[in-house]
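# Descriptive structure summary
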Amino acid sequence: MPTYAYACKDCGHAFDIVQSFSDSSLTSCPECQGALRKKFNSVGVVFKGSGFYRTDSRDAKGSTVSAAPAAPAAAPAPAAAAS
(Lines give C-alpha, C1' and ligand atoms only; values in the text may rest on other atoms or scores of the structure.)
Protein backbone atom coordinates (compact mmCIF):
# COMPACT_ATOMS: atom_id res chain seq x y z
CA MET A 1 0.00 0.00 0.00
CA PRO A 2 1.34 3.45 -0.85
CA THR A 3 2.39 6.11 1.63
CA TYR A 4 0.93 9.58 1.14
CA ALA A 5 2.27 12.85 2.55
CA TYR A 6 -0.12 15.53 3.84
CA ALA A 7 0.41 19.04 5.18
CA CYS A 8 -2.04 21.29 6.99
CA LYS A 9 -2.79 24.61 5.31
CA ASP A 10 -3.54 26.26 8.67
CA CYS A 11 -0.97 25.06 11.23
CA GLY A 12 1.67 23.59 8.91
CA HIS A 13 1.60 20.14 10.54
CA ALA A 14 3.05 17.58 8.09
CA PHE A 15 2.71 13.81 8.29
CA ASP A 16 2.76 10.63 6.22
CA ILE A 17 0.05 7.97 6.22
CA VAL A 18 -0.28 4.57 4.56
CA GLN A 19 -3.54 4.36 2.61
CA SER A 20 -5.06 2.00 0.09
CA PHE A 21 -5.64 3.23 -3.45
CA SER A 22 -9.37 2.99 -2.84
CA ASP A 23 -9.32 5.09 0.37
CA SER A 24 -10.51 8.69 0.18
CA SER A 25 -8.00 11.50 0.71
CA LEU A 26 -7.84 12.99 4.19
CA THR A 27 -9.43 16.44 4.52
CA SER A 28 -8.94 17.57 8.14
CA CYS A 29 -5.75 17.96 10.16
CA PRO A 30 -5.46 15.64 13.19
CA GLU A 31 -3.81 18.47 15.19
CA CYS A 32 -6.05 21.51 14.56
CA GLN A 33 -8.88 20.18 12.32
CA GLY A 34 -7.74 22.59 9.58
CA ALA A 35 -7.75 21.89 5.85
CA LEU A 36 -5.18 19.43 4.52
CA ARG A 37 -3.39 19.34 1.21
CA LYS A 38 -1.75 16.29 -0.30
CA LYS A 39 1.96 16.75 -1.02
CA PHE A 40 3.33 15.18 -4.19
CA ASN A 41 6.90 13.98 -4.40
CA SER A 42 8.95 12.88 -7.36
CA VAL A 43 8.75 9.20 -8.16
CA GLY A 44 11.92 7.26 -7.46
CA VAL A 45 12.18 5.00 -10.49
CA VAL A 46 15.55 3.63 -11.51
CA PHE A 47 15.98 1.71 -14.76
CA LYS A 48 18.89 -0.69 -14.48
CA GLY A 49 20.26 -3.11 -17.03
CA SER A 50 20.50 -3.06 -20.77
CA GLY A 51 17.72 -2.05 -23.11
CA PHE A 52 16.70 1.24 -21.51
CA TYR A 53 18.89 3.58 -23.51
CA ARG A 54 18.78 4.50 -27.19
CA THR A 55 22.41 3.47 -27.62
CA ASP A 56 21.84 -0.05 -26.24
CA SER A 57 20.44 -1.32 -29.54
CA ARG A 58 22.85 0.44 -31.87
CA ASP A 59 26.36 -0.26 -33.07
CA ALA A 60 29.19 2.27 -33.15
CA LYS A 61 28.09 3.71 -36.53
CA GLY A 62 24.62 4.57 -35.26
CA SER A 63 22.68 2.04 -37.30
CA THR A 64 20.66 -0.74 -35.80
CA VAL A 65 22.37 -4.01 -35.05
CA SER A 66 21.24 -6.78 -37.36
CA ALA A 67 20.45 -10.21 -36.03
CA ALA A 68 23.23 -12.78 -36.24
CA PRO A 69 22.82 -15.26 -39.09
CA ALA A 70 21.43 -18.64 -38.09
CA ALA A 71 23.96 -21.40 -37.53
CA PRO A 72 24.09 -23.99 -40.34
CA ALA A 73 22.17 -27.16 -39.60
CA ALA A 74 24.34 -29.97 -38.35
CA ALA A 75 24.75 -32.97 -40.65
CA PRO A 76 22.95 -36.06 -39.39
CA ALA A 77 25.11 -38.73 -37.86
CA PRO A 78 25.79 -41.74 -40.13
CA ALA A 79 23.54 -44.70 -39.48
CA ALA A 80 25.08 -47.69 -37.79
CA ALA A 81 25.90 -50.51 -40.21
CA ALA A 82 23.74 -53.59 -39.83
CA SER A 83 25.67 -56.79 -39.37
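Below: a short report on this structure. This structure is a prediction, so every number in the text was calculated from the model and none was measured.

## Details of the state of the cysteines
Evaluated as defined, the whole model comprises zero disulfides. Free of any disulfide, Cys8 has its nearest cysteine sulfur in Cys32, 3.6 Å distant. Under the relative-accessibility criterion, Cys8 is labelled buried at 5%. We note that Cys11 lacks a disulfide partner, and the nearest cysteine sulfur, in Cys32, lies 3.6 Å from it.

## Examining the pairing of strand S1 (residues 3-8)
Across five bridges, the pairing between S1 and strand S2 (residues 14-18) is antiparallel. Along S2, the bridge assignment pairs Ala5 with Asp16. A loop of five residues connects S1 with S2, the two strands running antiparallel in sequence, and Gly12 in this loop sits at a positive phi of about 85°. Where S1 lies against strand S3 (residues 36-39), four bridges are found, and the strand directions are antiparallel. Along S3, the bridge assignment pairs Ala5 with Lys39.

## Some details on the sheet that holds S3
Pairing in this open sheet of three strands is antiparallel, and the strands run S2-S1-S3 from one edge to the other. Bordering the open sheet on either side are S2 and S3, each of which pairs with just one other strand. Going from strand to strand, the sheet's axes swing by 35° on average, the running direction of each strand aside.

## Things to note about a nonpolar patch on the surface
A cluster of nonpolar side chains, namely Val43, Val45 and Phe47, defines an oily patch on the protein surface of about 340 Å² accessible area. Looking at the secondary structure, you find Val43 in the segment after S3.

## Structural notes on the packing of aromatic side chains
With the rule as written, the count across this model stands at one aromatic pair. Aromatic side chains Tyr6 and Phe15 sit 5.8 Å apart centroid to centroid with 20° between the ring planes, which places their arrangement in the stacked category. As far as burial versus exposure is concerned, Tyr6 and Phe15 are alike and both buried. Above the plane of the ring of Tyr4 lies Lys38, whose end atom (NZ or CZ) is 4.3 Å from the centre.

Reading the values: the criteria
- Residues numbered from 1 in each chain as written.
- Predicted model: local features only at pLDDT ≥ 70, side-chain atom pairs only at ≥ 80, totals over all residues.
- Heavy atoms only, no water.
- Disulfide = S-S within 2.5 Å.
- Buried < 20%, exposed > 50% of the residue type's maximum accessible area, 1.4 Å probe, protein only.
- Pairing = 2+ DSSP bridges.
- Helix = DSSP H or I, 4+ residues; strand = E, 2+ residues; numbered from the N terminus.
- Axes fitted to C-alpha atoms, helices over the stretch in contact; angles between N-to-C directions.
- Patch = residues over 30% accessible without salt bridge, like charges linked within 9 Å, V, L, I, M, F, W, Y side chains within 5 Å.
- Areas by Shrake-Rupley, 256 points an atom, 1.4 Å probe, with all protein chains shown as cover.
- Salt bridge = Lys/Arg side-chain N within 4 Å of Asp/Glu carboxyl O.
- Phe/Tyr/Trp six-rings, centres within 6.5 Å; stacked < 30°, edge-to-face > 60°.
- Lys NZ or Arg CZ within 6 Å of the ring centre and 35° of its normal.

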